[in-house]
Every structure is written in structure tokens, then in C-alpha cells.
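Chain by chain, the residues run as shown.
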Amino acid sequence: MSYNSEDYFLSNDFKAILKNFEEADDNERYTSLDPDELVDIAEYYYNNGDTGKAEEIVNNVMSFYPGNPAPLLFKARMALIESHDIPKAEHYAEQIEDKTDLEYFYIKAEIMLVEKQAARADMYLEDKFAEIDEDDKDYFTIDSAALFLDYNETDIAEKWLKRCYDKESVDYKEQSARISLEKGDYEKSKKLFNELIDKDPYSTQYWNSLASSQFFSNNIEDSIQSSEYSIAINPKNSVALLNKANGLYNLGNYGEALKYYLRYNELCPDDENGEMLIGFCCMLLEKYELAIKHLEKAEKLLPPQATSLIDVYKDWAFSLCRLGRLKEAMAILDKTENLDCDHNDMLVYRGNLLAGCGLLTEARTYFIQALTNSGYSPNILMKIAITVFESGDSNYAYKIFKTLYDIHKDWKKGYAYFAACCYDLGKTDEFMQCLKTATGHSPKELQMLLGKLFPEGMKPEDYYKYMLDKIKKEGKI
């Protein structure tokens, strides 16, 4: 279950081992291969969804090789991953005969990490580090770093990796690249993953990680290309398919993104995120019936109180509204009443949907209820103003924005929308004031709403001066 296990399963070495296993009779299978090889085969079956076959192999290995760490570690980790069963994991770990095996130390620390005791796991491994042979210390530091990274304990992982002596090794660079990616140092992670790819150009894991680094640093087209390399190596690489879909979605190519989300969904049918992404993509493509179908599947896969359900229900209700099924849409939003969310926000969203259907009078009922319940919260007032503006009623939106900023003079959010509203109404002086405020507080929002008024590529911070010069020339001030 290592970082590069998928690449190993694609290798000729593993294919030969698997062929040997599958062609041998029952007894020879467990005598011609060593326990580590047999457990690798079990992991291969497990990763391909054949849990029963994986369990059968591991149980047989335990019978043939009692006390051997490989099958016991597999069973312990499955207990942790699948059922969060700490006592069962401890039970299997304690059956490992050699209590000085490094893998025994790692599983004991991993159990602590699953129990959310990272500091205790760190201290435990510190104690063991002092006991192990000098020749094993580099391996130990790298493996410890990898373990803490797997549980999002990046700072502890970095501390362990710094102890590694051989900083040119592939294993060191791999963990260093992962740490850089987790810490948001995307330039360093891209550099390191490229170096790793130079040494191993057929590693899907490296290509996928490079794609992630590129995506997060907004090199979207490069990210898509890296994902394509990974897919070329393994067309059934779910991570690569998801990465490419996300890249295409980010570029606004929703049709192509949907194709890759669907391919990902075929490989990972029990992943609620796949169903949610397909639903959202279908919604943007105005395939509302299909969106509802996948959002319904996402609901069934998610835990009853999952916060992700809020987005599922909102998108589901939006799709129903677009199909003219308003009563059903409101009933779906009723499901959020038992969830941990801002219920006043949900009232505004109900109003938003109704306003989008031209039912502004009905929408106002929800807006008033949200305002009353929230004690006239500036955040709720702003959201209502934005909804009204987006529904096309700039006059009413203007009045709400004026009320908001007159009462809450320190409130700086929403000025990009107020600027757009003033522009629509020809209120030049107020437009310029709002434009100036928005450039300092919400430049991205401003660019999205009013970017078309300015030369292509102009930075939002330059909008005010450009517009001031323009209206002076036109004699408007």
C-alpha cells in the first residue's frame, strides 16, 4: 500500500509474479512465492475490487507463515481503513513475531494516528529511532515521513525527512515533493516531480502528482497534459481521469469534463464525489434530468449528516426549478433543515431560485424571513441584494445595497455587485466610488462582473484609473 504501489502493479516484474500465482495449483501458490509477494497479489486484487479474493489469499498466507509481518500488516491496515476497528488492528499487529521489525513500529504508530494521537505516534517513533541500527536510520526517517504525510501531519513529516542523510535518493525526493505539494510550494513540488519523472517516466503516481501541482498553481493546460500522460500509461487510472476532468471543468469545457467524470465514475462507483461532480457538470450543461439522477445517487452514498449534502440539495433543487418543478425543489430544500448549515442562507437560496423563475414577489417572503431570523445580518442583506440584482431588478437591488452600506458603514463585501448595479442604472458618481472600493476588497469578483468594460488582460487594480480617465474624456464628470 505504498505511494507507488499502482506503478508496481503495472510492472513486468509484478505481472510475472501474478502469472506464476494464477497458473500454479493451490499448494504451489503458497510455497513458490514468498509472503511479501503473496500479499502484494492480495493488495492487487483488493485494489481491483475483489475483496473476497484478497482476504482468501491473506488468510492462507497467515496459515502458511504464522507470525510473518506481511499478511498481519495487511489485515491490521484493513481493520483501520475499512472499519476503524482499533482493537482488531492491535490484535493483528501483536501477532507479528519479530517485534523489532520496522514495519511493526510503523503499524503501531499508524494505529495511534488513526486514534488522532499524532504527538504520541511521533514520540513512539522517536523512541524506536534511538534503538535501530545506523544502516536503517535513513529508511526509517523516510518511511516515518511518508506515514505522517498519509495522515496529513505535514509538519511532523517534514521534521522526520530533514533527518535523512541521502538527499539525492529517489525516496527522499518523493517525500520532499509530497511535502512541498501539501504546503503549497507548487514550484518546488513541480521541480521535484519532474526530476522523478526523468528517472521513471512511466510512473502514473508521479504524473498525477505533477498534474496536481500544476493545477493548484493555475497551470491548467499543463495539468491536463500531465494527466493525459498518466492515462496513456494506464487508461484505468482513476486519479488521472479525475485530474483531467477537473482541469477541463476549470477551463469551462464542461462537455469534455463530463466524459472524464463518467469514466472516473465507472471505476469508482461508490465515490460520492464522482456522483456530485457529474451532477454539477450536467446541471451546467442544462442536462437537468441526468443531474438529478446523479445527485440522488450522491445523497445515498453520503452519511446522513454530511455537510456535502447541502450542495447536493441546492444543485438538485436548482435542476428541479429549471424543469419547472418548483414544489419538488422546495421539498428537496426542506431536507437541509436537519443539517448543520446556515438556515438563513438556505432561505435566501429558496428566494434566489424563485427569483430566477420570475417569482420575485414569492421570493421576497423568504428574504424577509431570512432578514428577520438573522437580526438583519449584513451578510444576509448582501446576499439578498446580489440575488435581486442577478434576477434583473437593478432598481430594487440598488435600494437594498444602499440600505446595507448606510447601516453597516464598515461592511466592504459585495461592492463589486453594487458597482455593477450602479453602472446599469447610470449612476456614475456612485459607480466610481464602488469601483474604487471593490478594487481593494474583491478584485476577482470585480473582474468577473465588470471585466468586459476594460481592455483584455487589464488588472482589476487598474480599473479605477482607466475608467476615471475614460469618463473625463467623455465629459461625464
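Since we're looking at a predicted model, the values are computed, not measured.

(A) Seen up close, the overall build of the chain. Helix and strand content of the chain: 29 helices and 0 strands. Counting only C-alpha atoms and orienting by the principal axes, one finds that the chain spans roughly 90 × 50 × 40 Å. The burial tally for the chain puts 48% of its 477 residues in the buried class. Excluding contacts between residues fewer than 6 apart, the proportion of contacts in the chain whose partners are at least 24 apart in sequence is 51%. Split by element, the accessible area of the chain, about 24500 Å² in all, is 48% carbon and sulfur. Counting 55 positive and 85 negative side-chain charges, the chain places the averaged centre of each group 10 Å from the other.

(B) Representation of the nonpolar core within the structure. Counting 70 residues, the largest nonpolar core has F418, F431 and L450 as the members making the most contacts within it. Beyond its immediate stretch of four places on either side in the chain, F431 contacts A419, C422, Y423, L450, L453 and M467.

(C) Geometry of the environment of C341. The residue C341 is located in the loop between α21 (326-334) and α22 (343-356) in this model. As a C-alpha pair, C341 and I310 span 31 residues in sequence and 7.6 Å in three-dimensional space. Those residues in contact with C341 that sit more than four places away from it in its chain are I310, T336 and M346.

(D) Layout of the packing of helix α10 (residues 137-150) against helix α11 (residues 154-161). Axis separation between α10 and α11 bottoms out at 8 Å; the angle between their running directions is 170°. Comparing the axis directions of α10 and α11 gives the class roughly antiparallel. Contact with α10, carried on its side by F140, T141, I142, S144, A145, F148 and L149, involves T154, I156, A157, W160 and L161 of α11 and no other residues of that element. Here the residues of the contact of α10 with α11 sort into 9 nonpolar, 3 polar and no charged.

(E) View of the environment of S442. Take S442: it is sitting in the loop between α27 (428-441) and α28 (443-450). Judged by its relative accessible area of 11%, S442 is buried.

(F) Summary view of unusual backbone geometry. One non-glycine residue with positive phi stands out, namely N218, at about 65°. Relative to the helices and strands, N218 is located in the loop between α14 (204-216) and α15 (220-233). For E286, which is not glycine, the phi torsion reads 60° and is therefore positive. Here E286 shows up in the loop between α18 (272-284) and α19 (288-301).

(G) Molecular detail of the side chain of S169. Its location among the elements puts S169 in the loop between α11 and α12 (170-183). A distance of 3.2 Å separates a polar side-chain atom of S169 from the backbone oxygen of D166.

(H) Highlighting the packing of aromatic side chains. Under the criterion given, the structure shown has 33 aromatic pairs. For the pair Y186 and F216, a centre-to-centre distance of 5.8 Å together with 25° between the ring planes defines the contact as stacked. Of this pair, Y186 sits in helix α13 (residues 186-199) while F216 sits in helix α14, and the two are 30 residues apart along the sequence. Cation over ring: R163 sits above F129, and NZ or CZ is 5.0 Å from the ring centre. A cation over a ring is seen here: R163 above W160, with NZ or CZ 4.7 Å from the ring centre.

Rules used throughout
- Residues numbered from 1 in each chain as written.
- Predicted model: local features only at pLDDT ≥ 70, side-chain atom pairs only at ≥ 80, totals over all residues.
- Heavy atoms only, no water.
- Helix = DSSP H or I, 4+ residues; strand = E, 2+ residues; numbered from the N terminus.
- Buried < 20%, exposed > 50% of the residue type's maximum accessible area, 1.4 Å probe, protein only.
- Contact = heavy atoms within 4.5 Å.
- Areas by Shrake-Rupley, 256 points an atom, 1.4 Å probe, with all protein chains shown as cover.
- Lys, Arg positive; Asp, Glu negative; His and termini not counted.
- Charge placed at Lys NZ, Arg CZ, Asp CG, Glu CD.
- Core = buried A, V, L, I, M, F, W, Y, C linked by side-chain atoms within 4.5 Å.
- Axes fitted to C-alpha atoms, helices over the stretch in contact; angles between N-to-C directions.
- Parallel < 35°, antiparallel > 145°, perpendicular 65-115°, else oblique.
- Nonpolar A, V, L, I, M, F, W, Y, C, P; charged D, E, K, R; others polar.
- Polar contact = N/O pair within 3.5 Å; in protein donor to acceptor, adjacent residues only side chain to side chain.
- Phe/Tyr/Trp six-rings, centres within 6.5 Å; stacked < 30°, edge-to-face > 60°.
- Lys NZ or Arg CZ within 6 Å of the ring centre and 35° of its normal.

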